[in-house]
Amino acid sequence: MDAFLISTGVVALAEIGDKTQLLAFILAAKFRKPIPIILGVLVSTIANHAFAGALGAWITSLASPETMRWILGVSFIGMAIWTLIPDKFDESEAKFARFGVFGTTVIAFFLAEMGDKTQVATVALAAQYHAFVPVVAGTTLGMMIANVPAVLLGDRIAGKIPVRIVHAIAALIFAIIGVATLLGAGKSLGV
(Lines give C-alpha, C1' and ligand atoms only; values in the text may rest on other atoms or scores of the structure.)
Protein backbone atom coordinates (compact mmCIF):
# COMPACT_ATOMS: atom_id res chain seq x y z
CA MET A 1 0.00 0.00 0.00
CA ASP A 2 2.96 2.33 0.68
CA ALA A 3 4.14 1.96 -2.92
CA PHE A 4 0.70 2.93 -4.24
CA LEU A 5 0.18 5.90 -1.92
CA ILE A 6 3.68 7.33 -2.26
CA SER A 7 3.60 6.87 -6.04
CA THR A 8 0.24 8.64 -6.24
CA GLY A 9 1.24 11.56 -4.05
CA VAL A 10 4.68 12.15 -5.49
CA VAL A 11 3.50 12.07 -9.11
CA ALA A 12 0.41 14.19 -8.44
CA LEU A 13 2.60 16.89 -6.90
CA ALA A 14 5.40 16.59 -9.47
CA GLU A 15 2.89 16.86 -12.31
CA ILE A 16 1.63 20.32 -11.25
CA GLY A 17 3.09 22.74 -13.79
CA ASP A 18 4.73 19.88 -15.72
CA LYS A 19 4.76 19.99 -19.52
CA THR A 20 2.13 17.26 -19.72
CA GLN A 21 -0.19 19.31 -17.54
CA LEU A 22 0.43 22.27 -19.82
CA LEU A 23 -0.40 19.94 -22.71
CA ALA A 24 -3.69 19.04 -20.97
CA PHE A 25 -4.57 22.76 -20.74
CA ILE A 26 -3.79 23.28 -24.43
CA LEU A 27 -5.73 20.22 -25.60
CA ALA A 28 -8.73 21.25 -23.48
CA ALA A 29 -8.67 24.76 -24.93
CA LYS A 30 -8.18 23.50 -28.49
CA PHE A 31 -10.76 20.71 -28.59
CA ARG A 32 -13.20 21.53 -25.75
CA LYS A 33 -14.07 17.82 -25.43
CA PRO A 34 -12.97 16.75 -21.95
CA ILE A 35 -14.04 13.09 -21.97
CA PRO A 36 -11.89 11.93 -24.94
CA ILE A 37 -8.99 14.00 -23.61
CA ILE A 38 -9.25 12.45 -20.13
CA LEU A 39 -9.51 8.94 -21.62
CA GLY A 40 -6.51 9.69 -23.86
CA VAL A 41 -4.47 10.84 -20.86
CA LEU A 42 -5.42 7.65 -19.01
CA VAL A 43 -4.53 5.29 -21.88
CA SER A 44 -1.23 6.99 -22.68
CA THR A 45 -0.25 7.16 -19.01
CA ILE A 46 -1.00 3.48 -18.41
CA ALA A 47 1.07 2.50 -21.45
CA ASN A 48 3.95 4.84 -20.63
CA HIS A 49 4.09 4.08 -16.92
CA ALA A 50 3.70 0.31 -17.47
CA PHE A 51 6.80 0.49 -19.66
CA ALA A 52 8.60 2.60 -17.04
CA GLY A 53 7.54 0.29 -14.20
CA ALA A 54 8.75 -2.77 -16.13
CA LEU A 55 12.06 -1.01 -16.75
CA GLY A 56 12.35 -0.26 -13.02
CA ALA A 57 11.62 -3.89 -12.12
CA TRP A 58 14.18 -5.09 -14.68
CA ILE A 59 16.87 -2.70 -13.45
CA THR A 60 16.71 -4.23 -9.98
CA SER A 61 17.75 -7.59 -11.44
CA LEU A 62 20.96 -6.09 -12.82
CA ALA A 63 22.59 -4.78 -9.66
CA SER A 64 23.15 -5.85 -6.08
CA PRO A 65 20.82 -4.44 -3.42
CA GLU A 66 23.63 -2.23 -2.07
CA THR A 67 24.36 -0.79 -5.54
CA MET A 68 20.64 -0.28 -6.17
CA ARG A 69 20.32 1.56 -2.85
CA TRP A 70 22.92 4.10 -4.00
CA ILE A 71 21.54 4.38 -7.52
CA LEU A 72 18.00 4.92 -6.25
CA GLY A 73 18.98 7.28 -3.45
CA VAL A 74 20.95 9.50 -5.81
CA SER A 75 18.18 9.23 -8.45
CA PHE A 76 15.52 10.43 -6.01
CA ILE A 77 17.71 13.35 -4.94
CA GLY A 78 18.26 14.14 -8.63
CA MET A 79 14.47 14.04 -9.12
CA ALA A 80 14.13 16.53 -6.26
CA ILE A 81 16.43 18.95 -8.06
CA TRP A 82 14.79 18.34 -11.45
CA THR A 83 11.35 19.01 -9.96
CA LEU A 84 12.45 22.53 -9.06
CA ILE A 85 13.30 23.34 -12.70
CA PRO A 86 10.24 24.75 -14.55
CA ASP A 87 9.13 22.86 -17.65
CA LYS A 88 8.80 24.41 -21.06
CA PHE A 89 6.13 23.19 -23.45
CA ASP A 90 6.70 22.78 -27.17
CA GLU A 91 3.51 23.48 -29.18
CA SER A 92 4.52 20.83 -31.71
CA GLU A 93 3.71 18.16 -29.09
CA ALA A 94 0.00 18.97 -29.56
CA LYS A 95 -0.10 18.84 -33.38
CA PHE A 96 -1.61 15.44 -34.13
CA ALA A 97 -5.18 16.68 -34.76
CA ARG A 98 -5.72 14.39 -37.75
CA PHE A 99 -6.03 11.49 -35.26
CA GLY A 100 -9.07 13.00 -33.55
CA VAL A 101 -9.29 14.23 -29.98
CA PHE A 102 -8.63 10.85 -28.32
CA GLY A 103 -5.85 9.82 -30.72
CA THR A 104 -4.19 13.22 -30.55
CA THR A 105 -4.22 13.08 -26.76
CA VAL A 106 -2.83 9.54 -26.59
CA ILE A 107 0.02 10.28 -29.02
CA ALA A 108 0.87 13.73 -27.66
CA PHE A 109 0.81 12.61 -24.01
CA PHE A 110 2.82 9.47 -24.68
CA LEU A 111 5.51 11.42 -26.51
CA ALA A 112 5.54 14.28 -23.99
CA GLU A 113 5.90 11.81 -21.11
CA MET A 114 8.94 10.04 -22.63
CA GLY A 115 11.91 10.90 -20.42
CA ASP A 116 9.75 13.22 -18.32
CA LYS A 117 10.07 13.57 -14.54
CA THR A 118 7.05 11.39 -13.84
CA GLN A 119 8.27 8.61 -16.15
CA VAL A 120 11.70 8.64 -14.51
CA ALA A 121 10.01 8.69 -11.09
CA THR A 122 7.96 5.64 -12.11
CA VAL A 123 11.14 3.75 -13.04
CA ALA A 124 12.75 4.67 -9.70
CA LEU A 125 9.63 3.93 -7.62
CA ALA A 126 9.16 0.52 -9.29
CA ALA A 127 12.81 -0.30 -8.58
CA GLN A 128 12.55 0.98 -5.01
CA TYR A 129 9.38 -0.84 -4.01
CA HIS A 130 9.54 -3.99 -6.17
CA ALA A 131 5.81 -3.47 -6.68
CA PHE A 132 5.03 -3.06 -10.37
CA VAL A 133 1.22 -2.93 -10.20
CA PRO A 134 0.89 -0.65 -7.14
CA VAL A 135 3.52 1.75 -8.51
CA VAL A 136 2.04 1.93 -12.02
CA ALA A 137 -1.48 2.27 -10.58
CA GLY A 138 -0.27 4.97 -8.17
CA THR A 139 1.67 6.99 -10.72
CA THR A 140 -1.23 6.73 -13.16
CA LEU A 141 -3.67 7.93 -10.50
CA GLY A 142 -1.27 10.77 -9.64
CA MET A 143 -1.22 11.83 -13.29
CA MET A 144 -5.02 11.77 -13.41
CA ILE A 145 -5.33 13.75 -10.15
CA ALA A 146 -3.16 16.49 -11.64
CA ASN A 147 -4.45 16.44 -15.22
CA VAL A 148 -8.21 15.87 -14.98
CA PRO A 149 -8.77 19.24 -13.25
CA ALA A 150 -6.52 20.84 -15.89
CA VAL A 151 -8.76 19.41 -18.62
CA LEU A 152 -12.05 20.21 -16.86
CA LEU A 153 -11.25 23.63 -15.46
CA GLY A 154 -8.54 24.79 -17.83
CA ASP A 155 -7.90 28.49 -17.71
CA ARG A 156 -9.96 29.05 -14.56
CA ILE A 157 -7.41 27.31 -12.34
CA ALA A 158 -4.17 27.81 -14.26
CA GLY A 159 -3.27 31.08 -12.56
CA LYS A 160 -4.47 30.09 -9.10
CA ILE A 161 -2.20 27.13 -8.38
CA PRO A 162 0.99 28.11 -6.52
CA VAL A 163 3.20 26.02 -8.80
CA ARG A 164 6.46 26.95 -7.05
CA ILE A 165 5.13 25.81 -3.67
CA VAL A 166 3.75 22.56 -5.11
CA HIS A 167 7.07 21.86 -6.85
CA ALA A 168 8.95 22.60 -3.62
CA ILE A 169 6.76 20.09 -1.74
CA ALA A 170 7.28 17.44 -4.44
CA ALA A 171 11.04 18.12 -4.41
CA LEU A 172 11.10 17.77 -0.63
CA ILE A 173 9.30 14.41 -0.85
CA PHE A 174 11.74 13.16 -3.51
CA ALA A 175 14.69 14.36 -1.39
CA ILE A 176 13.34 12.65 1.75
CA ILE A 177 12.83 9.39 -0.16
CA GLY A 178 16.36 9.71 -1.59
CA VAL A 179 18.02 10.36 1.75
CA ALA A 180 15.98 7.62 3.44
CA THR A 181 17.02 5.20 0.70
CA LEU A 182 20.69 6.15 1.08
CA LEU A 183 20.37 5.61 4.83
CA GLY A 184 19.00 2.12 4.26
CA ALA A 185 15.26 2.66 4.69
CA GLY A 186 14.55 0.21 1.85
CA LYS A 187 16.53 -2.72 3.29
CA SER A 188 13.35 -4.56 4.20
CA LEU A 189 12.39 -4.27 0.52
CA GLY A 190 15.72 -5.64 -0.67
CA VAL A 191 17.15 -2.23 -1.64
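Here, residues in each chain are numbered from 1, in the same order as that chain's written sequence. Only residues with pLDDT of at least 70 get local features here, since the model is predicted, and only at 80 or more are side-chain atom pairs given and counted; chain-wide, interface and lining totals rely on the full set of residues. Hydrogens are left out, water is left out, and the side-chain values use all remaining heavy atoms of the structure.

A. Local environment of the overall build of the protein. Here a helix means four or more residues in a row that DSSP labels H or I, a strand means two or more in a row labelled E, and each is numbered from the N terminus. For the protein, the helix and strand inventory stands at nine helices and zero strands. Secondary structure elements in the protein, listed N-terminal to C-terminal, are α-α-α-α-α-α-α-α-α. Here's how the labels work: a residue is buried when its accessible area is under 20% of the maximum for its type, exposed when over 50%, partly exposed in between, all with a 1.4 Å probe on protein chains only. Among the 191 residues that make up the protein, the fraction classed as buried is 49%. The contacts in the protein between residues at least 6 apart in sequence include a share of 90% that link residues at least 24 apart. Carbon together with sulfur atoms contributes 73% to the accessible area of the protein, which is approximately 8900 Å² in total. Any two residues whose heavy atoms approach within 4.5 Å at even a single point are treated as in contact. Values of accessible area rely on a 1.4 Å probe in the Shrake-Rupley scheme; residue burial ignores everything except the protein chains shown.

B. Quick look at the confidence of the model for the protein. Confidence in the prediction for the protein averages 80 pLDDT; 82% of positions are at 70 or higher. For the protein, helix 8 (residues 155–158) is the element with the lowest average pLDDT, namely 55, and helix 3 (residues 34–60) is the one with the highest, namely 93. The pLDDT score gives, residue by residue, the confidence of the prediction method on a 0 to 100 scale.

C. Representation of helix 5 (residues 100–113). Counted at 1.5 Å a residue, the expected span for helix 5 with its 14 residues is 20 Å, and the 20 Å between its end C-alpha atoms agrees. Taken together, the buried positions of helix 5 are Val 101, Gly 103, Thr 104, Thr 105, Val 106, Ala 108, Phe 109, Ala 112 and Glu 113. Buried residues in helix 5 make contact with helix 2 (19–31), helix 3, helix 6 (117–129) and helix 7 (132–153). The positive-phi residue at the C-terminal boundary of helix 5 is Gly 115, with phi of around 75 degrees. Working rule for helices: expected span equals 1.5 Å times residues minus one.

D. Inspection of the environment of Ile 81 at higher detail. Following the sequence through the fold, Ile 81 ends up in helix 4 (residues 65–83). Along the sequence, Ile 81 and Ala 171 sit 90 residues apart, while their C-alpha atoms lie 6.6 Å from each other.

E. How the structure looks around a nonpolar patch on the surface. Every patch collects residues that have over 30% relative accessible area and no salt bridge, joining them within 9 Å if they carry like charges and within 5 Å if they are nonpolar side chains (Val, Leu, Ile, Met, Phe, Trp, Tyr). Criterion for a salt bridge: a side-chain nitrogen of Lys or Arg within 4 Å of a carboxyl oxygen of Asp or Glu. A cluster of nonpolar side chains, contributed by Ile 35, Leu 39, Leu 42, Val 43, Ile 46 and Phe 102, occupies part of the molecular surface with about 500 Å² of accessible area. The greatest single-element share of the nonpolar patch, amounting to five residues, is contributed by helix 3. As for its placement among the helices and strands, Ile 46 is situated in helix 3. The class of Ile 46 is partly exposed, set by a relative accessible area of 41%.

F. Region of interest: the environment of Asn 147. Residue position: Asn 147 is located in helix 7. A sequence separation of 135 residues divides Asn 147 from Ala 12, and the C-alpha atoms of the two residues are 8.6 Å apart. Look past the residues within four positions of Asn 147 in its chain and what remains in contact with it is Glu 15, Thr 20, Gln 21, Ala 24, Val 41 and Phe 109. At 3.2 Å, the side chain of Asn 147 forms a polar contact with the side chain of Glu 15. Two N or O atoms form a polar contact when they lie within 3.5 Å of each other; inside protein one atom must be a possible hydrogen donor and the other a possible acceptor, and for residues adjacent in sequence the pair counts only when both atoms belong to side chains.

G. Region of interest: the nonpolar core. Side-chain atoms within 4.5 Å are what join buried Ala, Val, Leu, Ile, Met, Phe, Trp, Tyr and Cys residues into a set we call a nonpolar core. Counting residues in hydrophobic clusters, the biggest one holds 19 residues, and the most contacted among them are Leu 72, Phe 76, Leu 125, Tyr 129, Val 135 and Phe 174. Of all elements in the fold, only helix 1 (2–15), helix 4, helix 6 and helix 9 (163–182) reach the threshold of two or more residues within this core. Among the elements that take part in this core, helix 6 stands out by supplying six residues, more than any other. Residues in contact with Leu 125, not counting those within four places in the same chain, are Ile 6, Ser 7, Phe 76, His 130, Val 135 and Thr 139. Counting residues in each nonpolar core, the second largest holds 18 residues, with Ile 38, Val 41, Val 101 and Phe 109 among its members.

H. Inspection of the packing of helix 1 against helix 7 at higher detail. Angles here are taken between N-to-C directions and fall from 0 to 180 degrees, while the axes themselves are lines fitted to C-alpha atoms, restricted in helices to the stretch in contact. The contact between helix 1 and helix 7 brings their axes to 7 Å, and the two run at 30 degrees. The element helix 1 and its partner helix 7 pack so that their crossing is right-handed. Contacts between helix 1 and helix 7 involve Ala 3, Phe 4, Ser 7, Thr 8, Val 11, Ala 12 and Glu 15 from the former and Pro 134, Val 135, Ala 137, Gly 138, Thr 139, Leu 141, Gly 142, Met 143, Ile 145, Ala 146 and Asn 147 from the latter. Following the grouping adopted for this structure description, the nonpolar residues are Ala, Val, Leu, Ile, Met, Phe, Trp, Tyr, Cys and Pro, the charged ones are Asp, Glu, Lys and Arg, and the polar ones are all others, Gly among them. Partitioning the contact of helix 1 with helix 7 into residue classes produces eleven nonpolar, six polar and one charged. A crossing counts as left-handed when the near helix is turned anticlockwise from the far one by less than a right angle, and as right-handed when that turn is clockwise.

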